[in-house]
Amino acid sequence: MAEQSGNIESKNFTLETPFAPYSTNSFHVKGAENYDWGMKDRLSRIFSPKSGNTVMLAFDHGYIMGSTTGLERLDIAIPPLIPEVDVLMATRGAIRTCVPPSSNKALALRCSAGSSVLDDDMSHENIAVDIEDAIRLNASCLAIQTFIGSPGQASSIKNLCDTIDAGNRFGIPTLGVVAVGKQMERTTKFFLLATRMLAEFGAHFIKTYYCEDFERVVAACPVPIVIAGGKKLPEKDALEMAYNAIRCGARGVDMGRNIFQSECPLAMTKSISKIVHEQYDAKTAYDYYLETKIKRR
Ligand code: R5P
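Residues numbered from 1 in each chain as written. Predicted model: local features only at pLDDT ≥ 70, side-chain atom pairs only at ≥ 80, totals over all residues. Heavy atoms only, no water.

Colleague: Break down a nonpolar patch on the surface for me, citing the residues and quoting the values.
Modeller: Taken together, M65, V117 and L118 make up a surface patch of nonpolar side chains, about 310 Å² in accessible area. Tracing the chain through its elements places M65 in helix α2 (residues 62-65). (Patch = residues over 30% accessible without salt bridge, like charges linked within 9 Å, V, L, I, M, F, W, Y side chains within 5 Å. Areas by Shrake-Rupley, 256 points an atom, 1.4 Å probe, with all protein chains shown as cover. Salt bridge = Lys/Arg side-chain N within 4 Å of Asp/Glu carboxyl O. Helix = DSSP H or I, 4+ residues; strand = E, 2+ residues; numbered from the N terminus.)

As structure tokens, this is what we get:
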């Protein structure tokens, strides 16, 4: 017990200043104001406290597609890109075998599985990782795919809610991933519905596709949105999509094929990061991509 006598009386209580958690936007992640310390610490590994944004590299494709163009050798394709991103989104099999633990990057652990490209309907998934193993891997968040409007809707919502409950017990956030079933159209109306549903179930941030009137999707969602890249586009178009998403309020990009199938994945990753963290516009980022690509020859 510390000696109490002789201490200078404490008086600097700054009573005129409200307690930080209840002042507006004192934490840099949307909707996270009232979360516990551990949850905020993990979210701060994902979303940079400086820019408020995140660059996530998605390479979890193998869990559904097997060997994918650009990801034939995870051990060769991924390590050079790691320094340029904030978060690695992958399966536990990929992380344990092909990512050095010394990378010290946030991990978005793919936690749902259950179908493959051989299925006509890929919306029936299960929870595929135990919370204990996610903790063992030091996951910064748990990623669950949700199929709104598809035959597997109810079970995928249950997977999401069960994972949120498990993660909440240990202060680990959940990323709700909006999947677009074959029968769904990629409309603003669909994304308004799906993103809001996932947030109301308690997902701590949402991954979805960019669409028209994206600022409306962002405004109606009380937690941060990051966009998925989708099928490979010409680099210029992919950078423009990333720029438009950030301009409309997305807090990051979780991109896979548009990075690892690019002619120069490293230049593409660096250029995306310039848009996400340094407010580059699409043209400046594309010029930067071309310059960086040339230097790497
Ligand atoms: C979706 O649930 C998975 O995370 C995908 O592997 C990811 O969205 C793919 O990224 P991209 O569409 O940018 O290739």
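Alright, that's what it looks like, and here's the rest.
Colleague: Go over the layout of surface pockets, please, and point to the residues and values.
Modeller: Quantified by volume, the largest pocket comes out at close to 860 Å³. Every residue lining the largest pocket is counted, 36 residues in all, and those nearest its centre are M65, M122, Q145, Y209 and R257. Looking at the lining of the largest pocket, the elements that each hand over two or more residues are α2, β7 (174-178) and β10 (252-255). Sorting elements by how many residues they give to the lining of the largest pocket places α2 first, with three residues. What the second largest pocket holds in volume is close to 280 Å³. Along the walls of the second largest pocket sit 14 residues, with I95, P101, K105, L107 and L137 positioned nearest its centre. (1 Å grid on protein atoms, 1.4 Å probe; cavity = no way out; pocket = protein on both sides within 12 Å on 5 of 7 lines; lining within 4 Å. Points joined across faces, edges and corners; volume = space filled by probe spheres on them.)

Colleague: If you had to explain the site of the ligand to someone new, which residues and values would you point to?
Modeller: Around the ligand, a shell composed of 14 residues is seen, among which D60, H61, Q145, K207 and G256 lie nearest. Here H61 contributes a side-chain N or O atom positioned 2.7 Å from an oxygen atom of the ligand. A distance of 3.1 Å separates an oxygen atom of the ligand from a polar atom in the backbone of G229. For the ligand, the accessible surface in isolation is 370 Å², of which the surrounding protein chains cover 92%. Taken atom by atom, the bulk of the ligand overlaps the largest pocket. Considered class by class, the residues forming the shell around the ligand number four nonpolar, five polar and five charged. (Near = heavy atom within 4 Å. Polar contact = N/O pair within 3.5 Å; in protein donor to acceptor, adjacent residues only side chain to side chain. Sits in = over half its atoms within 2 Å of the grid points. Nonpolar A, V, L, I, M, F, W, Y, C, P; charged D, E, K, R; others polar.)

Colleague: Lay out the packing of helix α11 (residues 265-278) against helix α12 (residues 282-295) in plain terms, naming residues and giving numbers.
Modeller: α12 packs onto α11 with a crossing angle of 150° between their chain directions and a minimal axis gap of 9 Å. As judged from the angle between their axes, α11 and α12 are roughly antiparallel. Crossing angle aside, the handedness with which α11 passes α12 is right-handed. Residue-level contacts link A267, M268, K270, S271, K274 and I275 of α11 to A285, Y288, Y289, T292 and K293 of α12. (Axes fitted to C-alpha atoms, helices over the stretch in contact; angles between N-to-C directions. Parallel < 35°, antiparallel > 145°, perpendicular 65-115°, else oblique. Left-handed = near helix turned anticlockwise from the far one by under 90°. Contact = heavy atoms within 4.5 Å.)

Colleague: Talk me through the side chain of R257; I want residue IDs and the actual numbers.
Modeller: With respect to the secondary-structure elements, R257 resides in helix α10 (residues 257-260). In this structure R257 is buried but unpaired, with D60 as the nearest side chain of opposite charge at 8.5 Å. In contact with R257, other than residues within four places in its own chain, are H61, M65, G230, K231, K232 and S262. (Buried < 20%, exposed > 50% of the residue type's maximum accessible area, 1.4 Å probe, protein only. Lys, Arg positive; Asp, Glu negative; His and termini not counted.)

Colleague: Kindly report on the pattern of salt bridges, identifying the contributing residues and their values.
Modeller: It is possible for side chains of opposite charge to pair when their charged atoms get near one another. Per the counting criterion, the structure on display carries 15 salt bridges. Here R110 makes a salt bridge to D60, at a shortest N to O gap of 3.0 Å. Within this pair, whereas R110 is found in strand β3 (residues 106-110), its partner D60 is found in the loop between β1 (54-58) and α2, the two being separated by 50 residues in sequence. There is no split in this pair, since R110 and D60 are both buried. As a salt-bridge pair, D133 and R92 come within 2.9 Å of each other at their nearest N and O atoms. Highlighted residues: D133 in helix α5 (residues 131-136) and R92 in helix α4 (residues 92-98), separated in sequence by 41 residues. Residue D133 is classed as buried on the basis of its relative accessible area, which comes to 9%. Residue R92 is classed as partly exposed on the basis of its relative accessible area of 29%. Salt bridges sharing common partners tie together R92, R96, E132, D133 and R136.

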